[in-house]
Amino acid sequence: MVIEDDRVAALLIQANLASAGYETVVCDRPQDAVRQSRKCQPDVITLDLLMKPSSGWEVLLELKRDPRTSCIPIIVISIVDQPAIGTTFGADEYLVKPVEKASLLAAVRRSLGVKQGASSQRPILVVEDDTSTREIIAELLTAHGYAVITAEDGEQARAQMAAALPELVILDLMLPKVSGFELLAEWRSKPRTADLPVFVLTSKDLTREEEQYLRKHAESLFHNNSRGNRG
């Protein structure tokens, strides 16, 4: 299923998929996307983000919260370059427009593999001291089929990292005892964790130097504004 309100973009995605033998259906009304997905039960969904009247973020969250559609792999295709939040909200793949045909088909193949039972052998580590935020992220990832371990402060994160290397880390910056900056610096200084993917999630007002550091040493930086400036 191709969820895209731009007709030209939808036809291009549909043509690329059809050329590889995939049967496609287009949903150009985002407000109907969840209902149509429940009915069709597609093997994979491609989803644009900048749509009206319902945004792709809204559609993604609703699809992942509904038990009837939560296991359908979703490939986000958008001009919005925010793969970190896409992963957090449950997207299997995140492609930034313009998307080459080879990249699209590779993402579809990987997503089909996820649906057929292929999953990461290592868990995702969520380091977040705010209980509600930590639980929401963990719930979204677990519903999507990922193993999740959590830490509510820097000391717990260190212990989890020492016990087993995760697949990736979602890291808050403002933590009690040990800050996210300290953890990130530690991990980057050690060969075992130097290349570990880290997605930084924060509402902290960053200085220019802090932001430059994070852009260099983290996979992605997502500003979370839901908790004011707490962090």
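Look up a bit, the structure's there.
Here is what the cut-offs are and how they apply
- Residues numbered from 1 in each chain as written.
- Predicted model: local features only at pLDDT ≥ 70, side-chain atom pairs only at ≥ 80, totals over all residues.
- Heavy atoms only, no water.
- Helix = DSSP H or I, 4+ residues; strand = E, 2+ residues; numbered from the N terminus.
- Buried < 20%, exposed > 50% of the residue type's maximum accessible area, 1.4 Å probe, protein only.
- Contact = heavy atoms within 4.5 Å.
- Areas by Shrake-Rupley, 256 points an atom, 1.4 Å probe, with all protein chains shown as cover.
- Phe/Tyr/Trp six-rings, centres within 6.5 Å; stacked < 30°, edge-to-face > 60°.
- Pairing = 2+ DSSP bridges.
- Core = buried A, V, L, I, M, F, W, Y, C linked by side-chain atoms within 4.5 Å.
- Axes fitted to C-alpha atoms, helices over the stretch in contact; angles between N-to-C directions.
- Parallel < 35°, antiparallel > 145°, perpendicular 65-115°, else oblique.
- Left-handed = near helix turned anticlockwise from the far one by under 90°.
- Nonpolar A, V, L, I, M, F, W, Y, C, P; charged D, E, K, R; others polar.

A. Quick peek at the overall build of the protein chain. For the protein chain, the count of helices and strands is nine helices and ten strands. Counting the 231 residues in the protein chain, one finds 50% classified as buried. For the protein chain, restricting intrachain contacts to residue pairs at least 6 apart in sequence, the fraction spanning at least 24 positions comes to 63%. Of the accessible surface of the protein chain, which amounts to about 11,600 Å², a share of 51% is contributed by carbon and sulfur atoms.

B. Region of interest: the packing of aromatic side chains. Enumeration according to the criterion identifies one aromatic pair in this entry. The interplanar angle of 85° and the centroid separation of 5.6 Å between the aromatic rings of Trp-57 and Phe-89 together place this pair among those described as edge-to-face. Separated by 32 residues along the polypeptide, Trp-57 in helix 3 (residues 56–65) and Phe-89 in the loop between helix 4 (83–88) and strand 5 (93–96) bring together distant segments of the chain. Judged by its relative accessible area of 19%, Phe-89 is buried.

C. Here's a closer look at the side chain of Ser-70. Tracing the sequence through the fold places Ser-70 in the loop between helix 3 and strand 4 (74–78). Note on Ser-70: relative accessible area 10%, which makes it buried.

D. Quick look at the sheet that holds strand 2 (residues 26–27). Taken together, five strands build an open sheet; the order of strands is 2-1-3-4-5 and the sheet is parallel. Pairing within the sheet leaves two strands with one partner each, and these edge strands are strand 2 and strand 5. Where strand 4 and strand 5 come together, four bridges link them in parallel fashion. Paired with Ile-77 across the two strands is Leu-95, which belongs to strand 5.

E. Local environment of the nonpolar core. Counting residues in hydrophobic clusters, the biggest one holds 21 residues, and the most contacted among them are Ile-3, Ile-45, Leu-47, Val-59 and Leu-60. Elements represented by at least two residues in this core include exactly helix 2 (33–40), strand 3 (45–47), helix 3 and strand 4. With four residues, helix 3 is the single largest residue contributor to this core. Among all residues touching Ile-3, those that are not within four sequence positions of it are Cys-27, Ala-33, Ser-37, Ile-45, Thr-46, Leu-47, Asp-48, Met-51 and Val-59. Judged by nonpolar contacts, the second largest core, of 20 residues, contains Val-169, Leu-171, Val-178 and Val-198.

F. Examining the packing of helix 7 (residues 154–163) against helix 8 (residues 180–189) more closely. Direction vectors running N to C along helix 7 and helix 8 enclose 25°, while the axes themselves pass 10 Å from each other. Here helix 8 runs roughly parallel to helix 7, going by the angle between their axes. At the point where helix 7 passes helix 8, the crossing takes the right-handed sense. Two secondary-structure elements touch here, helix 7 through Gly-154, Ala-157, Arg-158 and Met-161 and helix 8 through Leu-183, Glu-186 and Trp-187. Across the contact of helix 7 with helix 8, the residue classes break down as four nonpolar, one polar and two charged.

G. Representation of unusual backbone geometry in the model. Cis rather than trans, the peptide bond between Lys-52 and Pro-53 has omega equal to 0°. Assignment of secondary structure puts Pro-53 in the loop between strand 3 and helix 3. Here the amide bond leading from Lys-97 into Pro-98 is cis, since omega sits at -5°, within 30 degrees of zero. Summarising the element assignment, Pro-98 is placed in the loop between strand 5 and helix 5 (101–115). If you check the backbone angles, Gln-41 has positive phi at about 50° while not being a glycine. Relative to the helices and strands, Gln-41 resides in the loop between helix 2 and strand 3. Given the relative accessible area of 38%, Gln-41 is considered partly exposed. The backbone of Lys-177 shows a phi angle near 75°, a positive value even though the residue is not glycine.

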